[in-house]
Structure formats: structure tokens, C-alpha cells
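Spelled out, the chains give:
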Amino acid sequence: MTAAATSEAVEPPLRVEGLRFGWGEGALALSDCQLRIPGPGLWMLVGSNGSGKSTLLRLIAGLLTPTAGTITCQGRPALVFQNPDHQLLLPSCGSDLQLGLPEGLDDRARAGRVASALAQVGLAGLQQRPIHTLSGGQKQRLAIAGALASAATLLLLDEPTALLDPDSQKEVLELIHRLCHRSPSPLTALWITHRLEELECCDGAARMEAGTIGPWQSGESLRRSLAPLPAGGAER
Ligand SMILES: Nc1ncnc2c1ncn2[C@@H]1O[C@H](COP(=O)(O)OP(=O)(O)OP(=O)(O)O)[C@@H](O)[C@H]1O
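Rules of the game
- Residues numbered from 1 in each chain as written.
- Predicted model: local features only at pLDDT ≥ 70, side-chain atom pairs only at ≥ 80, totals over all residues.
- Heavy atoms only, no water.
- Helix = DSSP H or I, 4+ residues; strand = E, 2+ residues; numbered from the N terminus.
- Rg over C-alpha atoms; globule rule 2.2 N^0.38 Å.
- Contact = heavy atoms within 4.5 Å.
- Domains from an automatic or database assignment.
- Buried area = accessible area lost by both parts, 1.4 Å probe.
- Salt bridge = Lys/Arg side-chain N within 4 Å of Asp/Glu carboxyl O.
- Polar contact = N/O pair within 3.5 Å; in protein donor to acceptor, adjacent residues only side chain to side chain.
- Nonpolar A, V, L, I, M, F, W, Y, C, P; charged D, E, K, R; others polar.
- Core = buried A, V, L, I, M, F, W, Y, C linked by side-chain atoms within 4.5 Å.
- Buried < 20%, exposed > 50% of the residue type's maximum accessible area, 1.4 Å probe, protein only.

Looking at an unreviewed UniProt entry, the chain carries the name ABC transporter ATP-binding protein, with the source organism given as Cyanobium gracile UHCC 0139.

This is how it looks when you write it as C-alpha cells:
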């Protein structure tokens, strides 16, 4: 078998084919939506308000059921919301992470997994810390730790930095980038953003409009195509 044939045989982390979904009576949010993430890394989606990005992530996460089409994930997906207060449910960091652990682990393995997830996001030792005492950026990193503790390999991030200050935004972006390029077992992340500067950190970016996703391109070229022209630029 040739190298090309071998790489084609490897299943991609995510394959979405012919996906269709509508909210109630209105127009379809997604109609024949296709997406293939070719390998681990940080992949970004941009698009206008209402173009279907959040609906797509909820379908991939299994929170919604498509009316047609297929979603094939290698490994477990986990959603990270724009506002971590919408997904952190228990009073302390450790108890919240315990909620999402895989079944069948003994107490020691559970504690080890929680400690490791906290350490990976820069919150080592904060098991007992009340969640309400964390900063917004720390809460978002705790939500990411929840995904890690649950053994997710596909992170679905819905504008995870939209509510963060510039320093916390950078920390979260660098954290996800690191997790997606670690060796061994790099993760795959599908990251929705309206912050065009974030496109420079991704491995590929695509534009979603009216429920349909365009081809992958470099983050830089998509950013250039979306950035407004400088004043007088049209005449130059
Ligand atoms: N819970 C809901 N009930 C009814 N319609 C919804 C619901 N959530 C989304 N929609 C509709 O589905 C369509 C796609 O919305 P969606 O939130 O997926 O877009 P989006 O690209 O994520 O937008 P944004 O960038 O503003 O977050 C829109 O027409 C929206 O009004």
C-alpha cells in the first residue's frame, strides 16, 4: 500500500456528511452540511450571527439530533461554552470535575485523573477551591479541565474567549493550542470565533454561512479575506 493510500485509510477525528437540522417551523439552520477535520490540531470556524455554528457544535456533541445526515467522531466529543457559568455546576473545582469522569474508575484513579486535568490547565492543587472565587479565565480553564477529565479527544469550543480579558484570552488560546500539539496523543479542537486575530493561531480555518461550511484554508488567508479594507483601500 502506498503512503497516500495508508493516510486515506486513517479515519479523520470528525466527519460530518449531509447534516440537516431545523429549529421548529422556521428555515433550516443546517441543510446538507459537510465538514471533515483531517487530523488532530486546532481548527477554527467563523461566520455571521445565525449561520449555524453553535447548532453544528450541539449536533456534534449529541445534544441535538439531526433530521438527516451522519456525524462520525473518533473518540469522545466535549463542549466548552462561551460562558463557563453555564456548565460549571458544583461548588468546588474538584467536585465539578468528578461529575464528568468516565465510569469504572476506583477512588484513587478518580483523584489522579482530577489532579492531572487541573494540572494540565494550570490549576494544580485547586481541588477544594470554591468555583465562585475563580476569575473568568480560570473558570474557562476549569471547563476545559472538565473535558480533559472526561477523556474527550474532540473539544468543541463555542467562542470560549468572548467574555475574557486579553490576558485570559491569550492563556486559553495557548492552552488549547498546546493540547492540540502535544506529543503523544494530540487533541482535536473545533473552535468558533468572531475574534479574527485568533485565526492566526489555528491549523486551518473555514467560513460558515447559511448552514454551509466552505473549504479549509490557512487562518491568515481567511483573516485577510474577512478583514475590512483600510480607509481608502478600495482605491489603492
Ligand atoms: N434554541 C433555539 N431555538 C430556536 N431557534 C434557534 C435556537 N438556537 C438557534 N436557533 C436558530 O438557528 C439558527 C442558527 O443559530 P446558531 O446559534 O447556530 O448560529 P451561530 O452561527 O452560532 O450564531 P452566533 O454567531 O450569533 O452565535 C438561527 O436562525 C437561530 O435563530
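Now that the structure has been shown, we can carry on.
(A) Structural view of the overall build of the chain. Across its full length, the chain carries seven helices and nine strands. Here the C-alpha radius of gyration of the chain, 19 Å, is about what a compact globule of 236 residues would show, namely 18 Å. Judged by the C-alpha coordinates and their principal axes, the chain covers about 60 × 50 × 45 Å. Taking all contacts inside the chain whose residues are at least 6 apart in sequence as the whole, residues at least 24 apart take part in 69%.

(B) Summary view of the domain arrangement of the chain. As far as domains go, the chain holds domain 1 (14-75 + 153-224) and domain 2 (85-150). Placing a centre on the C-alpha atoms of domain 1 and another on those of domain 2 gives a separation of 24 Å. Taken together, the contact pairs 12 residues of domain 1 with nine residues of domain 2. Summed over both partners, the interface of domain 1 with domain 2 buries about 770 Å², with 73% contributed by carbon and sulfur atoms. The partner of E171 in a salt bridge is R141, and the shortest N-O contact between them spans 3.3 Å. Counting every contact that joins domain 1 to domain 2 gives three residue pairs in polar contact (both at pLDDT 80 or more). A per-element tally of the side of domain 1 that touches domain 2 places helix α6 (residues 166-179) first, with seven residues. Residues belonging to the side of domain 1 that touches domain 2 are distributed by class as follows: eight nonpolar, one polar and three charged.

(C) Structural context of the nonpolar core. Counting 41 residues, the largest nonpolar core has L42, L142, I144, L155, I176 and W191 as its most contacted members. Those elements giving two or more residues to this core turn out to be β3 (41-46), β5 (77-80), α3 (93-99), α4 (107-120), α5 (136-149), β6 (154-158), α6 and β7 (188-192). Shared between two domains, this core takes at least three residues from each, and those domains are domain 1 (14-75 + 153-224) and domain 2 (85-150). With residues near it in sequence (within four places) discarded, L155 still touches A78, A147, I176, L187, T188, A189 and L190. Of all hydrophobic cores here, the second largest spans 24 residues; its members include L35, W43, L64 and I192.

(D) Structural view of the environment of G94. For G94, the position within the fold is in helix α3. Relative accessible area serves as the criterion here: at 9%, G94 is assigned to the buried category. Remark: the alpha-carbon pair of G94 and A162, spanning 68 residues in sequence, is separated by 25 Å. When sequence neighbours within four positions are dropped, the list of residues in contact with G94 reads V114, L126 and Q127.

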